[in-house]
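The residues making up each chain are set out below.
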Amino acid sequence: MLAPALREALSDPGDDTTPALDKDSELAGALWRVTGKADEAVAVLESVFARAEQNAWSWWSVARAARTTALLGPAARPLATRLRAALDDPAQAPAAVEALTAVAEPDARERIALAAAALRSAEVDADPSGACDALEALGADAMTGDHLRRLAVLAEGDARIVRSGVEDHVIHQDNVFRERARALLTTFGGASTP
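Fair warning: this is a prediction, and the values are worked out from it, not measured in the lab.

## Remarks on helix 4 (residues 59–72)
Turn by turn, an α-helix covers 3.6 residues, leaving residues three or four places apart pointing in a common direction.
At step 1: Between its first and last C-alpha atoms helix 4 spans 21 Å; for 14 residues at 1.5 Å apiece the expected length is 20 Å, and the two agree.
At step 2: Among the residues making up helix 4, those that are buried are Ser61, Val62, Ala63, Ala65, Ala66, Thr68, Thr69 and Leu72.
At step 3: Its buried side turned inward, helix 4 meets helix 2 (18–35), helix 3 (38–52), helix 5 (80–85) and helix 6 (93–103).
At step 4: Remark: Gly73 follows helix 4 within two positions and exhibits a positive phi of approximately 65°.

And the structure:
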């Protein structure tokens, strides 16, 4: 009974607005949870990724679609090409890294490249928290010596990593990020000083 209502709530296939893209990502996840069938959810997410290409403001919508894709696990492997395309955008990269880790079983070489994309996202203050999630999903095997040095600079360096947001929250968010980066360094066996 619920699945037909979810299908009916999907946006028009030509609607590339941010609210429509975000709604359809949520509906894809709901369809997956209700039906347990990935093919329909994958089709909806493919539509979201395709429509997002037409919207210059869709970077967060792509990240949301990637997070939903990760929920589907290996059944969403057909979306791996879409996820890899999102790696070049620092705002989208952490979610794409997490999704690729969940759906595509990346080899050791690709995992190293994915870690680099996640670190770059934190370094430019695109999605520092998401970068930590992505690095955690990748694990220590994806971290090279250079990656560990970069993470140490993020955790212990002088410059603020979180530089934008609501003024009275920036310092708190930066401190939370640094604590998480330090915890990751400890987990990965890296040095705690840059």
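## Looking at the environment of Leu114
At step 1: Here Leu114 is to be found in helix 7 (residues 108–123).
At step 2: With 28 residues separating them along the chain, Leu114 and Ala142 place their C-alpha atoms 7.9 Å apart.
At step 3: Among all residues touching Leu114, those that are not within four sequence positions of it are Leu87, Val97, Leu100, Thr101, Pro106 and Leu138.

## Thoughts on the pattern of salt bridges
At step 1: Taken as a whole, this structure holds 14 salt bridges when the rule is applied.
At step 2: One salt bridge in this structure joins Asp24 and Arg51, with 2.6 Å as the shortest N-O distance. Here the residue Asp24 occupies a position in helix 2, and Arg51 occupies one in helix 3, the gap between them amounting to 27 residues.
At step 3: Its relative accessible area of 6% is what places Arg51 among the buried residues.
At step 4: The salt bridge partner of Arg77 is Glu105, with a shortest N-O separation of 3.5 Å. Of this pair, Arg77 sits in the loop between helix 4 and helix 5 while Glu105 sits in the loop between helix 6 and helix 7, placing them 28 residues apart in sequence.
At step 5: For Arg77, a relative accessible area of 38% puts it in the partly exposed group.

## Observations regarding the packing of aromatic side chains
At step 1: Taken as a whole, this structure holds one aromatic pair when the rule is applied.
At step 2: A centroid spacing of 5.5 Å and a plane angle of 50° characterise the contact between Trp57 and Trp59, whose relative ring orientation is tilted.
At step 3: Assessed through its relative accessible area of 28%, Trp59 is described here as partly exposed.

Rules and cut-offs
Along each chain, residues carry numbers from 1 onward, in the same order as the chain's sequence is written. Local features in a predicted model are, by the rule used here, given only for residues with pLDDT of at least 70; side-chain atom pairs are given and counted only at 80 or more, and totals for whole chains, interfaces and linings are based on all residues. The basis for every side-chain value is the complete set of heavy atoms in the structure, and neither hydrogens nor water enter the calculation. Elements are defined by DSSP. Helices are runs of H or I of four residues or more, strands are runs of E of two residues or more, and each kind is numbered from the N terminus. Here the expected span of a helix is defined as 1.5 Å times the quantity of residues minus one. Burial classes: relative accessible area under 20% of the type maximum marks a residue as buried, over 50% as exposed, and values in between as partly exposed (1.4 Å probe, protein chains only). Residue contacts are defined here by distance: any two heavy atoms, one from each residue, within 4.5 Å place the two residues in contact. Put simply, a salt bridge is a Lys or Arg side-chain nitrogen that is within 4 Å of an Asp or Glu carboxyl oxygen. Only Phe, Tyr and Trp rings are paired, with Trp represented by its six-membered ring, and only when their centres lie within 6.5 Å; those with planes under 30 degrees apart are stacked, over 60 edge-to-face, the remainder tilted.

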